[in-house]
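Architecture at a glance
What follows is the residue order along each chain.
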Amino acid sequence: MLVGYALIATIVTLVAAIDWNRDQNGDWAADCDFPGNDIANKQTDGPSCSAFCRSVSGCTQYAYYQGVCYAKSGGLGRNNAVYKQGVICGINNPPGNTGGSCQCSPGECLSQWGYCGTTADYCGNGCKCGACFGTTPPPPQGSGLYGYSVDSYWSAIKSLNGGVDRSVAQAFYDQVQSHTDLFPKPLHIAMLLAHIMQETSFTATREYCVQDGTCYSYPASAYQPWVGRGFMQLTGQDNYSKLQQFSGVDVTSSCGLNWGACDKVATDINLNWVSSMFVWSWSVSDPLVQQGYFGKSVQIQNGGFECGSGSNLQAGQTRLNYYHTALSALGLPGDQYGLQYCQ
């Protein structure tokens, strides 16, 4: 009988450990699974898994693992999910309304962005109705993405580096407006700013190079003349070619250490930000980063040094501190995950 009680306690603990979220596609969570009841599967990316479930007759929940989406039947809910590391699971129960009226489930909150959930992202700053944590400030009133303005971004950038000119924030605003798909949540803006602060402190220098064009430190010598440029330090000829495809701007012809199209990444403020958006796209395409795990974005950006058994773990912690600063400056709830998935 004692064994039975222990087993029940373990199951309850595992279910309780699942941190559920809710958006326009329904309920979902990281590190959870609905075992069995598979009715179809398809290779896809994480964000497309819920859409695949909706396309399969009888699919009521799904699980995504290692590039494969598993559509499942059975009408199961949150309490039926079990903890399983590395799996993303979800329920095919999109809300009938994600706009301004409060149609969330009991105990949930309608966030300032129009989605239902129970965490600080929903019940904290800007919570519209439901089980809000208390009196919260209204959402930003700018005309940009999520209500942010140029000055909103300038304040956030200055909270990280007080010497940055407003023109940098203006260029950032313009590029965010042109790449809204790279910021599925407001917190992703804070993530990008934190990474840039760690990489270059918002200075578009040429990595490993001095003014006469001499590169003095490995591995830059292997990349000449395709050394790191821009806020996010784009490096390597292949990445410059991919940036050219991403931006539609020539950044490869006549490339030299201090001249040619490639050097515009270090000297043109708008192209500098476009390059940053391109590098950021590597991180934000990951399902865990999309869910809000900053640690996973650290792993993607510089995990070999700053995660797991890397040689510069303190730098990872510094990135996290910058992220917390940017969140606060943008009026967003505090981070809950730390450096989880920075492995």
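Residue positions are given per chain, counting from 1 as you read along its sequence in written order. Side-chain atom pairs in this predicted model are given and counted only at pLDDT of 80 or more, local residue features only at pLDDT of at least 70, and totals for whole chains, interfaces and linings cover all residues. Derived side-chain values reflect all non-hydrogen atoms in the structure, with water molecules and hydrogen atoms excluded from consideration.

The name given to the chain in an unreviewed UniProt entry is Chitin-binding type-1 domain-containing protein, and the organism recorded there is Boothiomyces macroporosus.

**Quick notes on the packing of aromatic side chains**
What counts, and what does not: Side-chain rings of Phe, Tyr and Trp (the six-membered ring for Trp) are treated as a pair once their centres are within 6.5 Å; stacked means planes under 30 degrees apart, edge-to-face means over 60, and tilted covers the remaining angles. Partly exposed describes any residue whose relative accessible area lies between the buried limit of under 20% and the exposed limit of over 50%, with all areas from a 1.4 Å probe on protein chains only and scaled to the type maximum. Runs of H or I in DSSP of at least four residues are treated as helices and runs of E of at least two as strands, each being numbered from the N terminus. Whether a charge lies above a ring is judged from NZ of Lys or CZ of Arg, which has to be within 6 Å of the ring centre and within 35 degrees of the ring normal.
Under the defined criterion, the tally for this structure stands at 13 aromatic pairs. Considering the side-chain rings of Tyr148 and Tyr153, the 5.8 Å spacing of their centres and the 45 degrees angle between planes classify their relative orientation as tilted. With a relative accessible area of 2%, Tyr148 lands in the buried category. With a relative accessible area of 0%, Tyr153 lands in the buried category. Ring plane angle 10 degrees and centroid distance 4.4 Å describe the contact between Phe294 and Tyr323, whose orientation is recorded as stacked. With Phe294 in helix α12 (residues 294-306) and Tyr323 in helix α13 (residues 313-329), this pair connects stretches of sequence that are 29 residues apart. The rings of Tyr148, Tyr153, Phe172, Tyr173, Phe202, Phe231 and Trp273 are connected pair by pair, giving a single aromatic cluster. We note Lys84 situated over the ring of Tyr65; from NZ or CZ to the ring centre the distance is 5.9 Å. Note that Lys158 overlies the ring of Trp154, its terminal NZ or CZ placed 3.8 Å from the centroid.

**Re the sheet that holds strand β5 (residues 68-72)**
Counted only if it meets this: In this scheme, strands are said to pair when DSSP sees at least two bridges between them. Angles run from 0 to 180 degrees between N-to-C directions of axes, and those axes are lines fitted to C-alpha atoms, restricted for helices to the stretch in contact.
Reading across the sheet, the six strands line up as β1-β2-β6-β4-β5-β3 and stay open at both edges, with antiparallel pairing between neighbours. Edge strands, defined here as strands with exactly one partner in the open sheet, are β1 (20-23) and β3 (38-43). Adjacent strand axes in the sheet meet at a mean angle of 25 degrees when their direction is disregarded. By the bridge criterion, five bridges tie strand β2 (residues 26-33) to strand β6 (residues 82-91) in an arrangement that is antiparallel.

**Comments concerning the environment of Arg206**
As a reminder of what qualifies: Should any heavy atoms of two residues lie within 4.5 Å, those residues are counted as being in contact.
Along the chain, Arg206 turns up in the loop between α6 (187-199) and α7 (220-223). The partly exposed category is assigned to Arg206, whose relative accessible area is 22%. Taking the C-alpha atoms as reference points, Arg206 and Trp226, 20 residues apart in sequence, are found 9.6 Å from one another. Beyond its immediate stretch of four places on either side in the chain, Arg206 contacts Val227, Gly228, Arg229, Leu257, Asn258, Asp263, Ala266 and Thr267.

**What to know about α6**
The criterion, for reference: Residue count minus one, scaled by 1.5 Å, sets the expected span of a helix.
The end-to-end C-alpha distance of α6 is 19 Å, a good match for the 18 Å that 13 residues give at a rise of 1.5 Å each. Of all 13 residues making up α6, 11 are buried, and the element is well covered by its neighbours. Among the residues of α6, Leu187, His188, Ile189, Ala190, Met191, Leu192, Leu193, Ala194, His195, Ile196 and Met197 are the ones counted as buried. Downstream of α6 by one or two residues, Ser201 has phi in the positive range, about 55 degrees.

**Focus on the packing of helix α4 (residues 150-160) against α13**
We apply this condition: Crossing handedness is read from the near helix: turned anticlockwise from the far helix by less than a right angle, it gives a left-handed crossing, and turned clockwise, a right-handed one. Under the scheme applied here, ten amino acids are nonpolar (Ala, Val, Leu, Ile, Met, Phe, Trp, Tyr, Cys and Pro), four are charged (Asp, Glu, Lys and Arg), and all others, including Gly, are polar.
Orientation of α4 relative to α13, taken along the N-to-C sense of each, is 150 degrees, at an axis distance of 9 Å. α4 and α13 meet at a crossing whose hand is right-handed. Contacts from Ser155, Ala156, Ser159 and Leu160 in α4 reach Tyr322, Thr325, Ala326 and Ala329 in α13. Taken together, the residues of the contact of α4 with α13 sort by class into five nonpolar, three polar and no charged.

**A short note on the confidence of the model for the chain**
Threshold: By definition, pLDDT measures how confident the predictor is in each residue, and it falls between 0 and 100.
Per-residue confidence for the chain gives a mean pLDDT of 81; residues scoring 70 or more make up 78%. Mean pLDDT across the elements of the chain ranges from a minimum in helix α1 (residues 2-16), with 41, to a maximum in α6, with 96. The low-confidence segment residues 96-101 (pLDDT under 50) makes 10 contacts with residues lying over four places distant or belonging to another chain. Segment residues 135-139: pLDDT under 50, and seven contacts once partners within four positions in sequence are set aside and those in other chains are kept.

**Observations regarding α12**
Defined as follows: Bend angle per residue: angle between axes fitted to the 7 residues ending at that residue and the 7 residues starting there.
With 13 residues, α12 should reach 18 Å at 1.5 Å per residue; the first-to-last C-alpha distance of 13 Å falls well below that figure. By the largest-angle criterion, Ile300 marks the main kink of α12, which is about 75 degrees. Residues Phe294, Gly295, Lys296, Ser297, Val298, Gln301, Gly303 and Glu306 constitute the buried set of α12. For α12, the secondary structure elements touched by its buried residues are α6, α10 (269-284), α11 (287-291) and α13. Of the residues flanking the end of α12, it is Gly308, one or two places downstream, whose phi is positive at about 60 degrees.

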